[in-house]
Amino acid sequence: MEIKKEVRVKNSGRNNPVEYKNFPMVPRVVFGKGSFAQLSKILMPKRKHSEAPFIFLVDDVFENQELAANIPCIFNDKIIFISAEEEPKTHQVDAIVDLIRSEFSEEPSGIVGIGGGTLLDLSKAVAIMLTNEGGSANYQGWDLVTKPALYHVGIPTISGTGAEVSRTTVLLGPEKKLGINSDFTTFDQVLLDPDVTKGVPKEQWFYTGMDCYIHCIESLTGTYLNAFSQSYGEKSLDLCKEVFLEDLNEEESRDKLMMASWHGGMSIAYSQVGVAHAMSYGLSYLLGVKHGIGNCLVFQYLEEFYPDGVALFYKMMDKHNIILPTGICKDLSDEQYSTMIKVAMGMTPLWENALGENWRDTITEQKLRSIYEKI
Ligand code: NAD
Ligand code: ZN
């Protein structure tokens, strides 16, 4: 199986062997029902001194909830509740960093992100920006971060994105929606407590869960696939099938979806996503459609690219009585279609992964427009 260029640093001829990317992984992880109670113990040795706080960035869905009351907030630690209504933006990251800097003269001991992909991504970005100069938009891209981030911990409260394992934080900037992809982005510690996902509403559970399912389909059918990605992708796909097609009890289902997310994230770390993600980025950029539902809206019409994956997706929708919204693109102007198509077509590695180097033979503006028009 050939390893494609996404995981290859360079291939400089016979005398210089191929060099592969050296991906960082989360060095410490706790998994288990109720493990949230261990957070205090985990953070204690990382406290620099009593004046250096931990900053907890928490999804505001938990404000006045039990989980918030159990956050181990001591000394001058601070909890900042943040809405996950909109996807993370560079100016939002910069504002949080300014707030922390203005309130504390000492560098914090660390950042703890508690929430879904939105809060996890914000937390990674804030941890980076507290030690690197300038605005976060300057770091959107690949390997632009020069200094290690502040110690940062991720605690997912909804499963699917894989943001808990990835080396990226996807941000909407003034000019682009692009991740800060760097070796310093990855969390130093992740805490996986399936119990904290208990309150997720059913539709959202499905959309974010399908993000994971679509990661698997796009990774496993892509041209960048290799044994590393395949091993994680297959495990994740099996878990998704169990969760979304079988009748597991709720506890088992929460446990398995949490691990599906982790494995799905590991799979795409060493390969790439594909058509649904490229087109969903367009929807998100123009209309602010959120990642999970955006992927579903696109994926339902991709039978040409992922026939088996899409057939199974319909089965999963049926089983859980999910009805996707319609008419999202119905009033768009030609100019708006063209913006969306430009954003989607700009995601070259995703198209290359999905269809190979000659992807432009299949993917034309008209083709993408005809799919967007159905949504
Ligand atoms: P999210 O974080 O936006 O949350 C979705 C909704 O679920 C929100 O309304 C939130 O308040 C609610 N929610 C979360 N946990 C809950 C709980 N336990 N109980 C009740 N409600 C809860 O959703 P998401 O799908 O996890 O994340 C999407 C984001 O993740 C996007 O911004 C996307 O770009 C990003 N993402 C990042 C990566 C990465 O590798 N960094 C990968 C995929 C997606
Ligand atoms: Zn995704």
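Within every chain, residues take consecutive numbers counted from 1 along the sequence as written. For naming, the first written chain is A and the first written ligand is 1, with later ones following in the order written. For a predicted model such as this one, the threshold for reporting local features is a pLDDT of at least 70, and the threshold for listing and counting side-chain atom pairs is 80 or more; totals across whole chains, interfaces and linings nevertheless cover every residue. To obtain the side-chain values, all non-hydrogen atoms of the structure were used and water was disregarded.

A. Quick look at the pattern of salt bridges. For this document, the term salt bridge refers to a Lys or Arg side-chain nitrogen within 4 Å of an Asp or Glu carboxyl oxygen. For the structure on display, the rule yields 17 salt bridges. With a shortest N-O distance of 3.0 Å, Lys48 and Glu107 are connected by a salt bridge. Taken together, the residues Lys48 in the loop between helix 1 (39–43) and strand 4 (54–59) and Glu107 in the loop between helix 3 (90–103) and strand 6 (110–115) connect sequence positions 59 residues apart. Only protein chains enter the area calculation, which uses a 1.4 Å probe; residues under 20% of their type maximum are buried, those over 50% are exposed, and those in between are partly exposed. With a relative accessible area of 44%, Lys48 lands in the partly exposed category. A relative accessible area of 38% means that Glu107 is categorised as partly exposed. Between Asp247 and Lys319 there is a salt bridge, with its nearest N and O atoms 2.7 Å apart. Separated by 72 residues along the polypeptide, Asp247 in the loop between helix 6 (227–245) and helix 7 (250–269) and Lys319 in helix 10 (residues 307–319) bring together distant segments of the chain. Residue classification places Asp247 among the exposed positions, given a relative accessible area of 68%. Residue classification places Lys319 among the partly exposed residues on the basis of a relative accessible area of 33%. Each of Asp143, Arg167 and Asp183 takes part in salt bridges that share partners, so that together they form one network. To qualify as a helix, a DSSP run of H or I must reach at least 4 residues; to qualify as a strand, a run of E must reach at least 2; elements of each kind are numbered from the N terminus.

B. Representation of the coordination of the zinc ion (ligand 2). Within the first shell, the zinc ion (ligand 2) binds the protein through Asp211 (OD), His215 (NE2), His277 (NE2) and His291 (NE2), at distances of 2.1 to 2.2 Å. Water is absent from the atoms considered, so a metal site may look incomplete; donors are defined as N, O and S atoms within 2.8 Å of the metal, or 3.2 Å for Na, K and Ca. For a four-donor site, all angles between 85 and 135 degrees give tetrahedral; for four or six donors, opposite pairs above 155 degrees with the remaining angles between 65 and 115 give square planar or octahedral; all remaining cases count as irregular. Each of the four donor atoms bound to the zinc ion (ligand 2) contributes to angles spanning 87 to 168°, and the resulting shape is irregular. Here the donor residues of the zinc ion (ligand 2) are spaced in sequence according to D-x3-H-x61-H-x13-H. Note that Asp211 is positioned in helix 5 (residues 202–220) and His291 in helix 9 (residues 291–299), a separation of 80 residues in sequence. The exposure class assigned to Asp211 is buried, which follows from its relative accessible area of 1%.

C. Highlighting the site of ligand 1. Taken together, 28 residues sit near ligand 1, with Thr118, Thr157, Ser166, Thr208 and Lys290 positioned nearest. For ligand 1, an oxygen atom lies 2.8 Å from a polar atom in the backbone of Gly117. Contact between ligand 1 and Val200: a nitrogen atom at 3.4 Å from a main-chain N or O atom of the residue. Mapped by element, the contributors of at least two residues to the shell around ligand 1 are helix 4 (117–129) and helix 5. Looking at the shell around ligand 1 element by element, the count peaks at four residues for helix 4. Here the nonpolar group is Ala, Val, Leu, Ile, Met, Phe, Trp, Tyr, Cys and Pro; Asp, Glu, Lys and Arg are the charged ones; every other residue, Gly included, is treated as polar. Partitioned by chemical class, the residues of the shell around ligand 1 number ten nonpolar, twelve polar and six charged. Note that the domain bounds reflect an automated or database-derived domain assignment. No fewer than three residues from each of domain 1 (28–197) and domain 2 (201–372) sit in the shell around ligand 1. We call a residue near a given molecule or strand whenever any one of its heavy atoms falls within 4 Å of it. We define a polar contact as two N or O atoms separated by no more than 3.5 Å, with the added condition that, inside protein, one atom must be a possible hydrogen donor and the other a possible acceptor, whereas residues neighbouring each other in sequence contribute only through side-chain atom pairs.

Scope: geometric values only; no functional claims are made or implied.
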